Amino acid sequence: MINRIIMHVDLDAFFAAVEEKESPELKGKPVIVGADSKGGAGRGVVSTANYIAREFGVRSAMPISKAWRLCPEGVYLRPNFELYEKVSAKIMEILRKYADKFEQVGIDEAFLDVGKRVKDFDEAAKLADKMKKEVFNKEKLTCSVGVGSNKLIAKLASDFRKPYGLTVVKSEDMRNFLNPLPVRKLLGVGPKTEIKLKKLGIKTIGDLAKFNKETLIKMFGKWGAEMHELANGIDNDEVVEEYEAKSVGREVTFEEDTDDSYIILKTIDSLVDEFHQEILSEGIFFKTITVKIRYENFETHTHSKSLINPTNKLDAIKKIAKELTLPFLTQKRKIRLIGVRVSGLTFSDKQKTLKEKF
DNA sequence: TCTGGGGTCCTAGGACCC
DNA sequence: TCTGGGGTCCTAGGACCC
């Protein structure tokens, strides 16, 4: 745990980069991968914009309709997850060879613990450089790499210079690196926390680091203490090889909001059919079923029910999911999204599911 | 701006048990 | 008779991440 050397690798504009590699005619054009744009009327958000599209102000998670207004001349593509997964798997295989411990995060990121194969940050930099070049030579895709003494620093470092960047933050430079960064860069600080911190006069990580810890604990509880440690560059989170899934589910936003019970119940059936395959092939049993609905005004609710004994039965999910949905249907409100998820998982034999949060 | 879909983790109240 | 305290499970909601 002391004196660790951790790398974070982030594949640059991954979905868009894969599309450009597949279709050379996209070169030089703004490429936006995400929901169906429908000529500016589409629902949903941008998954990835390439660097040219970013010059127009297009960003990940932005409503696709806004992206269309900013960049009507862009090439809009629906994501091809099967392709991305294949390319990702090849790259992860390359990266894995460089690590003592390897942790994939999502489809396009990974942490590497390299403390055993490298004696200092200079050696780590050389290793990172070699790794980047191998990925580029073999897969024709670029990644940005950050190196630091823990996951927090490594991740912020990989984000510091992009694309195809390499940033090494030695322990003695950590404070100077962290202090000027906006607090929003910290993992776990989202839009809501950012606003609360701003009201306390906290804008940068440096501001947060010197802020009174007790006040943060009063306001944010346990998270207040954690946030204060992160701001001071303290992160003991280990690189871990693999996780067990905690829940499995599907959800869908309707093309048009609906209050038609027939459509809603049919949709539940098809969502459940989809992920039940996964449950069987992974040897998963579940105890709790949760239904999620989102009304047209974006108000979101869940209902859940736990069984006495774990099961893996298709009919059980369908029957209970529908029972849980009924109270939402008696109100004559239009529904935007419906989802079904199972949790309280146990696994038959020694089968484990790899972490899959794509 | 009008907000996807896959997830994780945390909080808080109430039931229930000892 | 006039009310303890700790632990665990269930349910609902919310913030956040990629």
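Reading the values: rules and limits
- Residues numbered from 1 in each chain as written.
- Chains lettered and ligands numbered in written order.
- Predicted model: local features only at pLDDT ≥ 70, side-chain atom pairs only at ≥ 80, totals over all residues.
- Helix = DSSP H or I, 4+ residues; strand = E, 2+ residues; numbered from the N terminus.
- Buried ≥ 20, exposed ≤ 12 C-beta atoms within 10 Å, placed from the backbone.
- Contact = placed C-beta atoms within 7 Å.
- Near = placed C-beta within 6 Å.
- Nonpolar A, V, L, I, M, F, W, Y, C, P; charged D, E, K, R; others polar.
- Domains from an automatic or database assignment.
- Pairing = 2+ DSSP bridges.
- Core = buried A, V, L, I, M, F, W, Y, C linked by C-beta atoms within 7 Å.

### Some remarks on the overall build of chain A
Turning to step 1, where the next piece is worked out: A tally of helices and strands in chain A yields 13 helices and 13 strands.
Turning to step 2, where the next piece is worked out: Overall, the C-alpha framework of chain A stretches about 60 × 55 × 50 Å when taken along its three principal axes.
Turning to step 3, where the next piece is worked out: Taken over 358 residues, chain A has a buried fraction of 33%.
Turning to step 4, where the next piece is worked out: Taking contacts inside chain A between residues at least 6 apart in sequence as the whole, the part at least 24 apart equals 62%.

### Re the protein's contact with DNA strand C
Turning to step 1, where the next piece is worked out: Neighbouring residues of DNA strand C: 21 residues in total, closest Gly 106, Gly 190, Lys 192, Thr 193 and Ser 306.
Turning to step 2, where the next piece is worked out: When residues of the surface near DNA strand C are traced back to their parent elements, those giving at least two are helix H8 (191-199), strand S10 (284-295) and strand S11 (300-311).
Turning to step 3, where the next piece is worked out: Ranked by the residues each element gives to the surface near DNA strand C, the list is headed by S11, at seven residues.
Turning to step 4, where the next piece is worked out: Residues that form the surface near DNA strand C fall into these classes: four nonpolar, eleven polar and six charged.

### Remarks on the domain arrangement of chain A
Turning to step 1, where the next piece is worked out: Segmentation of chain A into domains returns domain 1 (6-13 + 82-173), domain 2 (15-81), domain 3 (179-231) and domain 4 (247-353).
Turning to step 2, where the next piece is worked out: Spacing between the C-alpha centres of domain 1 and domain 3 amounts to 27 Å.

### Some thoughts on the pairing of S10
Turning to step 1, where the next piece is worked out: For S10 and strand S13 (residues 346-347), the ladder comprises two bridges, and the chain directions are antiparallel. Looking across to S13, one finds that Ile 284 is bridged to Phe 347.
Turning to step 2, where the next piece is worked out: Inspection of the sheet shows S10 paired to S11 by eight bridges, in the antiparallel sense. Bridge assignment links Thr 288 to a residue of S11, and that residue is Ser 306.
Turning to step 3, where the next piece is worked out: Where S10 hands over to S11, the hairpin turn is made up of four residues, of which Phe 298 adopts a positive phi near 80 degrees.
Turning to step 4, where the next piece is worked out: In terms of strand pairing, S10 meets strand S12 (residues 335-343) through eight bridges, oriented antiparallel.

### Side note on the nonpolar core
Turning to step 1, where the next piece is worked out: Of all hydrophobic cores here, the largest spans 64 residues; its most connected members are Met 7, Ile 32, Leu 95, Leu 112, Val 147 and Leu 208.
Turning to step 2, where the next piece is worked out: Apart from residues no more than four positions distant in its own chain, Leu 112 is found in contact with Met 7, Val 9, Leu 95, Tyr 98, Ala 99, Phe 102 and Val 239.
Turning to step 3, where the next piece is worked out: Counting residues in each nonpolar core, the second largest holds 18 residues, with Ile 268, Val 272, Ile 320 and Val 342 among its members.

### Quick look at the protein's contact with DNA strand B
Turning to step 1, where the next piece is worked out: Within the structure, DNA strand B sits among 26 residues, and Gly 44, Lys 246, Ser 247, Thr 253 and Phe 298 are positioned closest to it.
Turning to step 2, where the next piece is worked out: Listed by contribution, the elements that provide at least two residues to the surface near DNA strand B are helix H3 (64-70), helix H11 (222-231), strand S9 (247-258) and S12.
Turning to step 3, where the next piece is worked out: Examining the composition of the surface near DNA strand B, we find that seven residues originate from one element, S9, more than from any other.
Turning to step 4, where the next piece is worked out: Of the residues assigned to the surface near DNA strand B, the class counts are ten nonpolar, eight polar and eight charged.

### Remarks on unusual backbone geometry
Turning to step 1, where the next piece is worked out: Residue Pro 163 is bonded to the preceding Lys 162 through a cis peptide linkage, with omega at -10 degrees.
Turning to step 2, where the next piece is worked out: Mapping Pro 163 onto the fold places it in the loop between helix H6 (151-160) and strand S8 (166-168).
Turning to step 3, where the next piece is worked out: Positive phi outside glycine occurs at Lys 140, with the angle close to 55 degrees.
Turning to step 4, where the next piece is worked out: Position of Lys 140 among the secondary structure elements: in the loop between helix H5 (121-139) and strand S7 (143-148).

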